[in-house]
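Per-entry structural report
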Amino acid sequence: MSTPIYDRVALIGLGLIASSMFWAIKRAGLAGEVTGYARSEETRHTARRIGLCDRVCDSAIEAVEGADLVVLCVPVGAMGKVAAEIAPALKSGATVSDVGSVKRHVIEAVSPHLPENVHFVPAHPLAGTEHSGPESGFAELFDNRWCLLVPVENSDPAAVARLRQFWQGIGANVDEMEADHHDLVLAVTSHAPHLIAYTMVGVADDLRRVTDSEVIKYSAAGFRDFTRIAASDPTMWRDVFLSNKDATLEILGRFTEELFALQRAIRTGDGQHLFDYFTRTRAIRRGIIDAGQDTAAPDFGRGATPKT
Ligand SMILES: NC(=O)C1=CN([C@@H]2O[C@H](COP(=O)(O)OP(=O)(O)OC[C@H]3O[C@@H](n4cnc5c(N)ncnc54)[C@H](O)[C@@H]3O)[C@@H](O)[C@H]2O)C=CC1
Ligand SMILES: O=C(O)C(=O)Cc1ccc(O)cc1
């Protein structure tokens, strides 16, 4: 057990990320008390039933009162609204952070609502699963995964350092990144791949009507990976694409150009183009493994691991 880094932590939005944070905070003793708030009565009821949070509050205001760290764990499209709701109740000197998958949009939506006497330090843990909701979290989710801190202009270095220590206590490796750069990198590594998975599963579903159930029955590992990713939360991903529009469209433009080139190589029988392309991409995968960066989360599944 570590010594607490914050006396009081408030988690707003009790889904996969908040619940995983809670179990990891408890595992390491990183906070004196963790309060939580979720918009729906049903989620608050579930949270109380499974012991998620030391105190589940019936309003966001009540949850953040007296908190030294407030973490917004709602879909990125709801961050601004939640920030406006909690702003009047924030303790002077508190740190406000978030876990949103997009950073520029969240900074622009949240910053205007925050009083000057709080520190805003946006963050993004690069770990998740296709599951959502309060029962999907587990303490190991962030172990040995990256958490990116995205300090804003005038972020207090002491508040950034403390949040870094907190995420390290949760189990993550911490780095800092500038917001626009973050959004471009994530468009390549996460957002566009999710859209491609959604599309591929949609295409297979269209085809399924022609081929009966064979597409699902005989699906190979690659396609199964697509179906896992395409089972991710629709609200969360709608918000990600709408709030990281420019970077995602830039990457999808490049993706389409490459796809057309491969399509042309297949049509014209240009085997050399295909071979060279696949040789280059294979080297990238091997580079990731050789660098010891193949830290894909094991598929624990919903509630498959102990919560403490
Ligand atoms: N799921 C993943 O793999 C990852 C998600 N993230 C980010 O973390 C955030 C939370 O995602 P999850 O925990 O996966 O979502 P989730 O769907 O499991 O939980 C979201 C929670 O926010 C609540 N909520 C939604 N709108 C709200 C509002 N207007 N006011 C108050 N509460 C509201 C929902 O009721 C739910 O309790 C998102 O911003 C997402 O981009 C970051 C890393 C990974
Ligand atoms: O489940 C997966 O494969 C993921 O890619 C999880 C994930 C989803 C969204 C993020 O912003 C970060 C990680």
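In the annotation of an unreviewed UniProt entry, the protein chain is listed under the name prephenate dehydrogenase and assigned to Pseudodonghicola xiamenensis. UniProt lists a comment for the protein chain under the heading Pathway (unreviewed entry), and it reads "Amino-acid biosynthesis; L-tyrosine biosynthesis; (4-hydroxyphenyl)pyruvate from prephenate (NAD(+) route): step 1/1."

Time to look at the overall build of the protein chain. Helix and strand counts for the protein chain stand at 12 helices and nine strands. Taken over the C-alpha trace, the protein chain has a radius of gyration of 21 Å; the compact-globule value for 308 residues is 19 Å, and the two agree within 12%. Seen through its principal axes, the protein chain has C-alpha atoms that stretch 65 × 40 × 35 Å. Contacts in the protein chain between residues at least 24 apart in sequence constitute 75% of all its contacts with a sequence separation of at least 6.

A word on the sheet that holds strand β9 (residues 173-176). Note on sheets: strands pair through backbone hydrogen bonds, and any given pair is parallel or antiparallel. Read from one edge of the open sheet, three strands run β7-β8-β9, paired in mixed fashion. Looking at which strands have only one partner, the edges of the open sheet turn out to be β7 (123-125) and β9. Averaged over all pairs of adjacent strands, the angle between their axes in this sheet comes to 20 degrees, without regard to strand direction.

The next point concerns the site of ligand 1. Taken together, 24 residues surround ligand 1, and among them Leu 16, Ile 17, Val 74, Ser 101 and Gly 133 come closest. Here Ser 101 contributes a side-chain N or O atom positioned 2.7 Å from an oxygen atom of ligand 1. Here an oxygen atom of ligand 1 sits 2.8 Å away from a polar atom, N or O, in the main chain of Gly 133. When ligand 1 sits alone it has 830 Å² of accessible area, and the protein chains cover 89% of it. Taken together, the elements giving at least two residues each to the shell around ligand 1 come down to α1 (16-28), α4 (79-86) and β7.

Let us now look at the environment of Arg 48. Residue position: Arg 48 is located in helix α2 (residues 41-50). Here Arg 48 falls in the partly exposed class, since its relative accessible area comes to 40%. The spatial distance from the C-alpha of Arg 48 to the C-alpha of Gly 36 is 9.9 Å, given a sequence separation of 12 residues. Ignoring anything within four residues of it in the chain, the contact list for Arg 48 reads Val 56, Cys 57 and Asp 58. Of note is the side chain of Arg 48, whose polar atom sits 2.9 Å from the backbone oxygen of Val 56.

Before going further, it helps to spend a moment on a nonpolar patch on the surface. A surface patch of nonpolar side chains, amounting to about 240 Å² of accessible area, comprises Ile 284, Ile 288 and Ile 289. By secondary structure assignment, the location of Ile 289 is in helix α12 (residues 271-290). A residue is classified by how much of its surface remains accessible, and Ile 289, at 42% relative accessible area, is partly exposed.

Within soluble globular proteins, side chains that are nonpolar generally end up buried alongside one another. If you look at the biggest cluster of nonpolar residues, it comprises 43 residues, and the most contacted ones within it are Met 21, Phe 166 and Trp 167. Breaking this core down by element, the ones donating at least two residues are β1 (6-12), α1, β2 (31-37), β4 (69-72), β8 (146-149) and α6 (157-170). Per element, the largest residue contribution to this core is nine residues, and it comes from α1.

This part is about the pairing of β4. Here β4 shows two buried faces, one formed by Leu 69 and Val 71 and the other by Val 70 and Leu 72. Relative to β4, β1 runs parallel, the two sharing four bridges. Residue pairing in the sheet places Leu 11 in a bridge with Val 71 of β4. Judged from the four bridges that link them, β4 and strand β5 (residues 95-98) form a sheet pairing that is parallel. In the sheet register, Leu 72 faces β5, and the bridge partner there is Asp 98. One crossover worth recording links β4 to the parallel β5 by way of α4, and it is right-handed.

Let us look at α4. Inspection of α4 places Met 79, Gly 80, Val 82, Ala 83 and Ile 86 among the buried residues, and these make up the whole buried set. Buried residues of α4 fall within an arc of 165 degrees about the axis and therefore sit on the same side. Looking at the buried side of α4, the elements it contacts are β1, α3 (60-64), β4, β5 and α5 (104-110).

Below, the discussion takes up the site of ligand 2. Around ligand 2, the structure places Ser 101, His 124, Ala 127, Gly 128, Thr 129, His 194, Arg 228, Met 236 and Trp 237. Between ligand 2 and Ser 101, the relevant distance is 2.7 Å, taken from an oxygen atom to a side-chain nitrogen or oxygen of the residue. The separation between an oxygen atom of ligand 2 and a polar side-chain atom of Arg 228 is 2.8 Å. Isolated, ligand 2 exposes 350 Å² of accessible area, and the fraction of that covered by the protein chains is 80%. Split into classes, the residues belonging to the shell around ligand 2 amount to three nonpolar, five polar and one charged. Looking at which domains feed residues into the shell around ligand 2, each of domain 1 (6-178) and domain 2 (181-290) gives three or more.

Conventions and cut-offs
Residues numbered from 1 in each chain as written. Chains lettered and ligands numbered in written order. Predicted model: local features only at pLDDT ≥ 70, side-chain atom pairs only at ≥ 80, totals over all residues. Heavy atoms only, no water. UniProt positions renumbered as here; feature names shortened; annotations may be inferred. Helix = DSSP H or I, 4+ residues; strand = E, 2+ residues; numbered from the N terminus. Rg over C-alpha atoms; globule rule 2.2 N^0.38 Å. Contact = heavy atoms within 4.5 Å. Pairing = 2+ DSSP bridges. Axes fitted to C-alpha atoms, helices over the stretch in contact; angles between N-to-C directions. Near = heavy atom within 4 Å. Polar contact = N/O pair within 3.5 Å; in protein donor to acceptor, adjacent residues only side chain to side chain. Areas by Shrake-Rupley, 256 points an atom, 1.4 Å probe, with all protein chains shown as cover. Buried < 20%, exposed > 50% of the residue type's maximum accessible area, 1.4 Å probe, protein only. Patch = residues over 30% accessible without salt bridge, like charges linked within 9 Å, V, L, I, M, F, W, Y side chains within 5 Å. Salt bridge = Lys/Arg side-chain N within 4 Å of Asp/Glu carboxyl O. Core = buried A, V, L, I, M, F, W, Y, C linked by side-chain atoms within 4.5 Å. Right-handed = clockwise from strand over helix to strand, strands pointing away. Arc of directions from axis to C-beta. Nonpolar A, V, L, I, M, F, W, Y, C, P; charged D, E, K, R; others polar. Domains from an automatic or database assignment.

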